[in-house]
Amino acid sequence: MNNIVFLVLGTVFGLLLSLAGATTFDFYAQLFLLENPQLARVIFTAVVVGTVGIWLMKRVHARSVMTGEPISFEKKGLQRGWVIGALMFGAGWGITGSCPGSAPAMLGEGKLIVIPSLLGVMVGTYLYGWIESRRIGGCK
Amino acid sequence: MYDIIIWPGWLAGAGIGLLMVAFYWITGKQMGVSRGYCNLWAYVSKLPFFQQKEYTGNIWRVWFILGITLGGFLSTVIAHPGEWHLHFDMGQAYDALLPNNVWLRMLILFGGGLIMGLGARFAGGCTSGHVIAGIPMLNLSSLLSGMLFFVGGLFAVQLTVRVVSL
């Protein structure tokens, strides 16, 4: 049952990404060529609306609807390699014209050219797991 | 080549911001996509990293990704009834940036996806986890990562445009 909630939230996210133009390859190139502010507008507005929403939730000490627990807003720290990681992510973002969130929506739209990018994301994720496993596990 | 009827950026952006807040409020969790790919690996890989509870549990991330795919499908079916089809088009901008040879193009996209997936893990999140959800939490690491995401994209695309026009 809980999983259905996430499925529905994902569906709404996918619909919104399509409507935002985040599933249109052209907008990504145009964002980084500084030719078309569509995605910049999307990101900026989402961040502003999100900031107000999170502030409100903190103010009213919101509880999660699903668990009834108070919501904890844990902050992520910076981990080793984050600078090079963020730059790599950005380069991939520009080259593929997609991101890990919009790529599945593009697939749903029938844009098969996103498959190599998705496979790349899978392999990149695996590589990180492999590197980290060697670190965690010592000599393996 | 057709596309979804695009909403004005501010309207769709407000929708995405509201969805992120609703996600937090309903589930009590921070919205994010890229970790879901670790959950997918947890099904098939024996690597200790993927066998952590974080990834063997939290199957919601896989459902969230499935939902996004369904959302993309629905948007096309609703906006263009009867026109949904499978295709390999990328559109004008990337036709100008990437090779026309489809195999070479797919190889470059695979490489781009690889550095995107690896980079997201080193950075601790992607556009959704760091930018859309992280910055509104006033998370400094998210703001810095988001800025570097943009720098990386600028660098890659601007460089490609110059190489292509040589």
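Residues numbered from 1 in each chain as written. Chains lettered and ligands numbered in written order. Predicted model: local features only at pLDDT ≥ 70, side-chain atom pairs only at ≥ 80, totals over all residues. Heavy atoms only, no water.

## Focus on the packing of aromatic side chains
Turning to step 1, where the next piece is worked out: On inspection of all chains with the given rule, the structure shows 20 aromatic pairs over all chains.
Turning to step 2, where the next piece is worked out: Measuring from centroid to centroid gives 5.1 Å for F32(A) and W93(A), while their planes differ by 75°, and the two rings are edge-to-face. Of this pair, F32(A) sits in helix α2 (residues 25–32) while W93(A) sits in helix α4 (residues 82–96), and the two are 61 residues apart along the sequence.
Turning to step 3, where the next piece is worked out: Relative accessible area serves as the criterion here: at 0%, F32(A) is assigned to the buried category.
Turning to step 4, where the next piece is worked out: Relative accessible area serves as the criterion here: at 5%, W93(A) is assigned to the buried category.
Turning to step 5, where the next piece is worked out: Here the aromatic rings of W93(A) and F149(B) are separated by 6.5 Å at their centres, their planes lie at 80°, and the arrangement is edge-to-face. Of this pair, W93(A) sits in helix α4 while F149(B) sits in helix α8 (residues 140–164), placing the two residues on different chains. In terms of burial, W93(A) and F149(B) fall into one category: buried.
Turning to step 6, where the next piece is worked out: Ring pairs connect the aromatic residues Y126(A), Y128(A), W41(B), F49(B), F50(B), Y55(B) and F122(B), which therefore count as one cluster. (Phe/Tyr/Trp six-rings, centres within 6.5 Å; stacked < 30°, edge-to-face > 60°. Helix = DSSP H or I, 4+ residues; strand = E, 2+ residues; numbered from the N terminus. Buried < 20%, exposed > 50% of the residue type's maximum accessible area, 1.4 Å probe, protein only.)

## Digging into the environment of G129(B)
Turning to step 1, where the next piece is worked out: Structurally, the position occupied by G129(B) is in helix α7 (residues 127–134).
Turning to step 2, where the next piece is worked out: Spatially, the C-alpha atom of G129(B) lies 17 Å from that of G113(B), the residues being 16 residues apart in sequence.
Turning to step 3, where the next piece is worked out: Discounting residues that sit within four places of it in the chain, G129(B) has contacts with K76(A), Q30(B), M31(B), G32(B) and G134(B). (Contact = heavy atoms within 4.5 Å.)

## A closer look at the nonpolar core
Nonpolar side chains in soluble globular proteins tend to be buried together.
Turning to step 1, where the next piece is worked out: One finds F13(A), I16(B) and Y94(B) to be the most contacted residues of the largest nonpolar core, which totals 79 residues.
Turning to step 2, where the next piece is worked out: Both domains that meet at this core, namely domain 1 (1–87) and domain 2 (90–166) of chain B, each give it at least three residues.
Turning to step 3, where the next piece is worked out: Ignoring any residue separated from it by four or fewer positions in sequence, one finds F13(A) in contact with I16(B), L19(B), M31(B), V33(B), F64(B), I68(B) and S128(B). (Core = buried A, V, L, I, M, F, W, Y, C linked by side-chain atoms within 4.5 Å. Domains from an automatic or database assignment.)

## Regarding α8(B)
Since the α-helix packs 3.6 residues into each turn, any two residues three or four apart lie on the same face.
Turning to step 1, where the next piece is worked out: If you check α8(B), its first and last C-alpha atoms are 36 Å apart, about what 25 residues at 1.5 Å a residue would give, namely 36 Å.
Turning to step 2, where the next piece is worked out: If you check which residues of α8(B) are buried, you get S141(B), S142(B), S145(B), G146(B), L148(B), F149(B), G152(B), G153(B), A156(B) and V157(B).
Turning to step 3, where the next piece is worked out: Those residues of α8(B) that are buried lie in contact with α2 and α4 of chain A together with α5 (92–97), α6 (102–123) and α7 of chain B. (Expected span 1.5 Å × (residues − 1).)

## Notes on the domain arrangement of chain B
Residue and element names in this part refer to chain B.
Turning to step 1, where the next piece is worked out: With domains assigned, chain B is organised as domain 1 (1–87) and domain 2 (90–166).
Turning to step 2, where the next piece is worked out: For domain 1 and domain 2, the distance between their C-alpha centres works out to 18 Å.
Turning to step 3, where the next piece is worked out: Taken residue by residue, the interface counts ten residues in domain 1 and twelve residues in domain 2.
Turning to step 4, where the next piece is worked out: With both sides pooled, the region where domain 1 packs onto domain 2 buries about 900 Å², and carbon together with sulfur makes up 64% of that total.
Turning to step 5, where the next piece is worked out: Three residues stand out in domain 1 for area buried against domain 2, namely M20, Q30 and S34, and they jointly supply 45% of the buried area on that side. (Buried area = accessible area lost by both parts, 1.4 Å probe.)

## What to know about the interface of chain B and chain A
Turning to step 1, where the next piece is worked out: Taken together, the contact pairs 113 residues of chain B with 104 residues of chain A.
Turning to step 2, where the next piece is worked out: Both sides of the chain B and chain A interface together cover about 9,800 Å² of buried area, and 77% of this is carbon and sulfur.
Turning to step 3, where the next piece is worked out: The three residues of chain B that bury the most area against chain A are Y37(B), M116(B) and F122(B), which together make up 8% of that side's buried surface.
Turning to step 4, where the next piece is worked out: Our enumeration of links across chain B and chain A arrives at zero salt bridges.
Turning to step 5, where the next piece is worked out: Our count for the contact surface shared by chain B and chain A stands at 30 residue pairs in polar contact (both at pLDDT 80 or more).
Turning to step 6, where the next piece is worked out: Elements supplying a minimum of two residues to the side of chain B that touches chain A: α1 (9–27), α2 (36–44), α4 (60–79), α5, α6, α7 and α8 of chain B.
Turning to step 7, where the next piece is worked out: Partitioning the side of chain B that touches chain A into residue classes produces 72 nonpolar, 35 polar and six charged. (Salt bridge = Lys/Arg side-chain N within 4 Å of Asp/Glu carboxyl O. Polar contact = N/O pair within 3.5 Å; in protein donor to acceptor, adjacent residues only side chain to side chain. Nonpolar A, V, L, I, M, F, W, Y, C, P; charged D, E, K, R; others polar.)

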